[in-house]
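# Understanding the architecture of this molecule
One letter stands for each residue in the lines below.
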There are 4 protein chains.
Amino acid sequence: MNPIRITVWGENVHEQRHELVRRLYPKGMHACIADGLSEEGDFQVRTATLQEPEHGLSERTLAETDVLLWWGHAAHGEVRDEVVERVRKRVWEGMGLIVLHSGHYSKIFKLLMGTSCSLTWREAGEKERLWVCNPGHPIVQGIDRYFELPHTEMYGEPFAIPTPDEQIFISWFEGGEVFRSGCTWRRGNGRIFYFRPGHESYPIYHDPNVRQVLKNACRWARPEGIWIDSCPNIPVEEAPEPITAQGETIHLPGEEGFR
Amino acid sequence: MNPIRITVWGENVHEQRHELVRRLYPKGMHACIADGLSEEGDFQVRTATLQEPEHGLSERTLAETDVLLWWGHAAHGEVRDEVVERVRKRVWEGMGLIVLHSGHYSKIFKLLMGTSCSLTWREAGEKERLWVCNPGHPIVQGIDRYFELPHTEMYGEPFAIPTPDEQIFISWFEGGEVFRSGCTWRRGNGRIFYFRPGHESYPIYHDPNVRQVLKNACRWARPEGIWIDSCPNIPVEEAPEPITAQGETIHLPGEEGFR
Amino acid sequence: MNPIRITVWGENVHEQRHELVRRLYPKGMHACIADGLSEEGDFQVRTATLQEPEHGLSERTLAETDVLLWWGHAAHGEVRDEVVERVRKRVWEGMGLIVLHSGHYSKIFKLLMGTSCSLTWREAGEKERLWVCNPGHPIVQGIDRYFELPHTEMYGEPFAIPTPDEQIFISWFEGGEVFRSGCTWRRGNGRIFYFRPGHESYPIYHDPNVRQVLKNACRWARPEGIWIDSCPNIPVEEAPEPITAQGETIHLPGEEGFR
Amino acid sequence: MNPIRITVWGENVHEQRHELVRRLYPKGMHACIADGLSEEGDFQVRTATLQEPEHGLSERTLAETDVLLWWGHAAHGEVRDEVVERVRKRVWEGMGLIVLHSGHYSKIFKLLMGTSCSLTWREAGEKERLWVCNPGHPIVQGIDRYFELPHTEMYGEPFAIPTPDEQIFISWFEGGEVFRSGCTWRRGNGRIFYFRPGHESYPIYHDPNVRQVLKNACRWARPEGIWIDSCPNIPVEEAPEPITAQGETIHLPGEEGFR
């Protein structure tokens, strides 16, 4: 098997502003996530951040990425639309995408879902217990029936998403809420996994279970096939069955379709 | 039952430019579609076009619309983003949306699907036969096992959409292609129906079967419930289970979440 | 609108054996559920039980039923296969089916799902809080963000079901588990709603929120269209396009397909 | 990577009765299918037939099978229920299942779908063209935009199945019908692929495109995770959150749940 080429994208804003976040993630959250993934021998991991040119997501970098992880929170609005569009096209082609925590409100996630992706929330350092909904799923290999995070920000239902293809985790919160914490979808050929844990004021990405899930998810999300779609005109003479053109037309010969 | 309030949106461009289209649809395609729907006694039908202020889709008009039909082809790019966003929010709330033919490439459809919505096509006036995939579905009541359109533009697979919730029609084309011609999805509380027939150089919207499907689809797509979602903070003191806030926080009290 | 014809099926076993259950449901659980539904003016409600001939579910009764509610627990194995088959066919035609609590292991539910429908469980009288996953869905109209049941049997994930079409409720349990407590599917033209609450040692079906959900679910599950499917041979001379039979055949003329 | 262990199950009835089928498949259809798959170096392929003890599908054989292919037509009713149940459990655990052609009416497929699986049909040796609905899907790697079979039995819509997870192929027939010829679903952890081609009076399983699809489908359907589910009681003292049992109970301590 070829290595899996992974890019961890980090907004890298709260790490600069909050002493607390800097203490937990001295090299940035993206670096911590990348470190965890690099424990796998066949993973080739790099990072990219908002502050880099093109947010570190050039055409070339994306073309060489099998799976992209996305962490953003305070600066969703600063991500340039053309970079988001580039990521979206690459997902359609087949690149896997793992959206983390507050990334539920990122431009890329909302564009791929087609819904508002809203939820309820509370930052009280309460306990979260993530239940496995299907112990046979590749994303939960090595995880017990559930795992706990002692201090988390709460996200609660309703979570305004299209029905997931697969329900991987559901969370129980100490304060009384529940949330669909692990969900999968497909858009084009890209596999998408939303994974809730990750608030920046807790050491979530140091947690061994969280790290295991992310490793599994990268394997699950790697491309199985690539397709760059288009909207080709099939000329009359190339129709599989012989036909003759009839009637008047709106389009001129050789013209591309309207967009 | 209350009447169903329907708005037929038409781009109204080809009707101005092409003598052929003007001949088939002298009052515009939107007017012809609206006329068909108005045959139902409990439908209140109005039209809106690209050329009107706010494209005829003000907040108020949308608030008073149960089901919106969308016909566009040559001028998708001219539809203003804030109007598209307004339509999208209203779909999330519960408004039904029926997207017609070349509307597969409209901004609103692509935004709700999250995919490219590409396909293959050929304008040769060939025969199309639409097969019913579930004779018990409300959208096909009054339709036989299939119906035919003698002259149509061909759309062929691959159609780059997320898997539909329900497959309503699949088309057979004289030139040898097939296409998923009737598909449903849900985004938020809005029901969405894509219906392929409708090329402007043929009298498709005068066809009795097409008119019957559109009537059925309006009944099917009417809102069953409305929800205006948001992303509310649930303060610690309003948690269903008594908890005490622990640890440091990123958010300030009373602050809205980041977007 | 025509009235909605509802049949509440009850196993009626624990009511006979357990003093506790008899005290909570002196006329049987089915009667209590039927009483709740009868509060709606346009509902025509009858009951049927395991002990009646054909378990009270004759061809005629089913033909006159728009929505069937199913409560069973101790005697799933005693339900005769031909009655189950009859119910299944009627669901395919369009009859709605609401499966309650321990009905997750009923023959009819397992047959319609195609999965094992297993779960984890604990009978400790603990608190359950059911969260609404989409406040705009017709099944939750009149329900707040959540509702609580003070004493319930716990059901926990993993719940071995196919991905639901819609997630309506998710439960939070005092003992720490979560569960997909309200789920919808479609099989043929029948709408199916699984609703978790209902353990017989608690007065669940006297609860106003539970009663409201069941009323809503009956409206949601009523048939929108009916189709009695078959596997018809289309003779060569009835093909939509003119063709000539070629080659040898396995089937004899006029023969039905193999089953 | 480990080899993929494949079992091709064949009914092996028409091969005995029809001179035509024997001529096309002198060693049986199952043997021809197995020969095609054996061209892959990492596939370990065996066959099993209706006539063998336990239809060749012992507990041990199934335990050693990653992907099972199923060909049946004339003798669906002769397949013993306990063997079907065994296959179903193994699919739930994670074994892949590929159902061929007339297998749409096999006991195992109908049980996993939960629907009638009916369709329309015609045996006239007409041409079929299978269109790829997503060129990036692993099942269609190596296949062009479409492929043709010069002589086939026609299957037409409506095909009474639950909405597929993914639409892989749709067929165009010379006589004017269409059909969802390649569909995927998941039941438990098992991946299921229905593939239409295969009528026994034509040399379908000698066709290079059909063989390529079957090879791809075996790779796609191999287990990614295994789970043998059950319905465990979680005793009060093992609840993740400390609780005390309250109220009366229906179940006795240590008792299994009712089935």
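Residue positions are given per chain, counting from 1 as you read along its sequence in written order. Whichever chain is written first becomes A and whichever ligand is written first becomes 1, with later ones labelled in order. Predicted model: local features are reported for residues with pLDDT of at least 70 only, side-chain atom pairs are reported and counted for 80 or more only, and whole-chain, interface and lining totals are derived from all residues.

## Quick notes on the overall build of chain A
Runs of H or I in DSSP of at least four residues are treated as helices and runs of E of at least two as strands, each being numbered from the N terminus. When its secondary structure is counted, chain A shows 7 helices and 9 strands. Projected onto its principal axes, the C-alpha positions of chain A cover 70 × 40 × 35 Å. Residue burial is a threshold on neighbouring C-beta atoms within 10 Å of the residue's own C-beta, all placed from the backbone, with 20 or more meaning buried, 12 or fewer meaning exposed, and counts in between meaning partly exposed. Out of the 259 residues belonging to chain A, those deemed buried represent 61%.

## Quick notes on the packing of helix H3 (residues 29-37) of chain A against helix H7 (residues 208-221) of chain A
All names here are of chain A. Only the contacting stretch of a helix is used when fitting its axis, a line to C-alpha atoms as for every element, and angles between N-to-C directions run 0 to 180 degrees. At a closest axis distance of 9 Å, the pairing of H3 and H7 adopts a crossing angle of 70°. As summarised for this structure, H3 and H7 are arranged roughly perpendicular, according to the angle between their axes. Between H3 and H7, the contacting residues are Ile33, Gly36 and Leu37 on the first element and Arg211, Leu214, Lys215 and Cys218 on the second. All residues other than Ala, Val, Leu, Ile, Met, Phe, Trp, Tyr, Cys, Pro, Asp, Glu, Lys and Arg, Gly among them, are scored as polar; the first ten of these are nonpolar and the last four charged. Split by residue class, the contact of H3 with H7 holds 4 nonpolar, 1 polar and 2 charged. What sets the label is the angle itself: under 35 degrees gives roughly parallel, over 145 gives roughly antiparallel, 65 to 115 gives roughly perpendicular, and the rest give oblique. Contact criterion: two residues are in contact if their C-beta atoms, reconstructed from the backbone, are within 7 Å.

## Focus on the relation of the copies chain A and chain C
Structural alignment of chain A on chain C gives an RMSD of 0.0 Å, achieved by rotating through 180° and translating 0.0 Å along the axis. Taken together, these values place the two copies in the relation of a two-fold axis. Scanning chain A for the C-alpha nearest the rotation axis identifies Trp172(A), at a separation of 3.2 Å. When the interface residues of chain A are mapped onto chain C, 100% of them again fall at the interface, so both copies present the same face. Each copy is superposed on the other by least squares, with the fit set by C-alpha atoms of residues at a pLDDT of at least 70 in both.

## Concerning the interface of chain A and chain C
Taken together, the 17 residues of chain A in the interface contact 18 residues of chain C. Looking at the side of chain A that touches chain C, the elements that each hand over two or more residues are strand S5 (120-132) and strand S7 (166-173) of chain A. When residues in the side of chain A that touches chain C are grouped by element, the largest group, 4 residues, is from S7(A). Of the residues contributing to the side of chain A that touches chain C, the split by class is 8 nonpolar, 4 polar and 5 charged.

## Topic: the sheet that holds S5(A)
Residues and elements named next belong to chain A. Any two strands with at least two DSSP bridges between them are considered paired. The 9 strands are arranged S2-S1-S3-S4-S9-S8-S7-S5-S6 in an open sheet whose pairing can be described as mixed. Both outer strands of the open sheet, strand S2 (43-49) and strand S6 (146-156), are each paired with one neighbouring strand and no more. Averaged over all pairs of adjacent strands, the angle between strand axes in this sheet comes to 25°, irrespective of strand direction. With 5 bridges connecting them, S7 and strand S8 (residues 178-187) associate as antiparallel partners. Considered in S8, the bridge of Glu166 is made with Thr184. Seen against the sheet, H7 touches strand S1 (4-10), S2, strand S3 (67-71), strand S4 (96-100), S6 and strand S9 (190-195) and runs at an angle of roughly 165° to S9.

## Brief notes about the sheet that holds strand S1 (residues 4-10) of chain D
Consider a sheet: its strands pair through backbone hydrogen bonds, and that pairing is either parallel or antiparallel. All names here are of chain D. Strands sit in the order S2-S1-S3-S4-S9-S8-S7-S5-S6 across an open sheet of 9 strands; the sheet is mixed. This sheet does not close on itself; its edge strands, each paired only once, are strand S2 (43-49) and strand S6 (146-156). Across this sheet, the average inter-strand angle for adjacent strands is 25°, counted without regard to direction. Where S1 and S2 come together, 7 bridges link them in parallel fashion. Within S2, the residue paired with Arg5 across the bridge is Gln44.

## Comments concerning the interface of chain D and chain C
Residue-level contacts link 59 residues of chain D with 59 residues of chain C. Mapped by element, the contributors of at least two residues to the side of chain D that touches chain C are helix H6 (107-113), strand S5 (120-132) and S6 of chain D. When residues of the side of chain D that touches chain C are assigned to their parent elements, the largest contribution, 7 residues, is made by S5(D). Residues that form the side of chain D that touches chain C fall into these classes: 24 nonpolar, 25 polar and 10 charged.

## Examining the confidence of the model for chain A
The pLDDT value expresses, per residue, how confident the predictor is, ranging between 0 and 100. For chain A, per-residue confidence averages 95 on the pLDDT scale, and 97% of positions sit at 70 or higher. Across the interfaces of the predicted complex, the ipTM metric reaches 0.95, alongside a pTM of 0.97.

## Some thoughts on the environment of Arg191(A)
Along the polypeptide, Arg191(A) turns up in strand S9. Setting aside residues up to four positions removed in sequence, Arg191(A) forms contacts with Gly96(A), Thr184(A), Arg186(A), Trp220(A) and Ala221(A).

## As for the pairing of strand S5 (residues 120-132) of chain B
All names here are of chain B. Within S5, 12 of the 13 residues are buried, leaving the element largely enclosed by the surrounding structure. Relative to strand S6 (residues 146-156), S5 runs antiparallel, the two being bridged by 9 bridges. If you follow Trp121 over to S6, its bridge partner there is Tyr155. With 5 bridges connecting them, S5 and strand S7 (residues 166-173) associate as antiparallel partners. Within S7, the position partnered with Trp131 by the bridge is Ile170.

## Brief notes about the environment of Trp9(B)
Residue and element names in this part refer to chain B. Residue placement: Trp9 occurs in strand S1 (residues 4-10). We classify Trp9 as buried; it has 31 C-beta atoms within 10 Å. Apart from residues no more than four positions distant in its own chain, Trp9 is found in contact with His30, Ala48, Gly56, Leu57, Leu68, Leu69, Trp70 and Trp71.

## Let's talk about unusual backbone geometry
Omega for the bond connecting Glu157(A) with Pro158(A) falls within 30 degrees of zero, at 5°, which places this linkage in the cis form. As for its position among the elements, Pro158(A) is in the loop between S6 and S7.

## Thoughts on helix H3 (residues 29-38) of chain C
Of all 10 residues that make up H3(C), 7 are buried, and the element is covered over most of its length. Those residues of H3(C) that are buried lie in contact with strand S1 (4-10), helix H1 (14-17), strand S2 (43-49), strand S3 (67-71) and helix H7 (208-221) of chain C.

## Overview of the environment of Ser38(B)
Residue and element names in this part refer to chain B. Secondary-structure assignment places Ser38 in helix H3 (residues 29-38). In sequence terms Ser38 and Ile6 are 32 residues apart; their C-alpha atoms lie 9.5 Å from each other. When neighbours within four sequence positions are excluded, Ser38 is seen to be in contact with Phe43 and Val45.

## Looking at helix H7 (residues 208-221) of chain D
Residues and elements named next belong to chain D. Between its first and last C-alpha, H7 extends 20 Å over 14 residues, near the 20 Å set by a 1.5 Å rise per residue. Along H7, the residues classified as buried are Val210, Val213, Leu214, Lys215, Asn216, Ala217, Cys218, Trp220 and Ala221. Considering only its buried residues, H7 is in contact with S1, helix H3 (29-37), S2, strand S3 (67-71), strand S4 (96-100) and strand S9 (190-195). Expected span, for any helix, means 1.5 Å times one less than how many residues it has.

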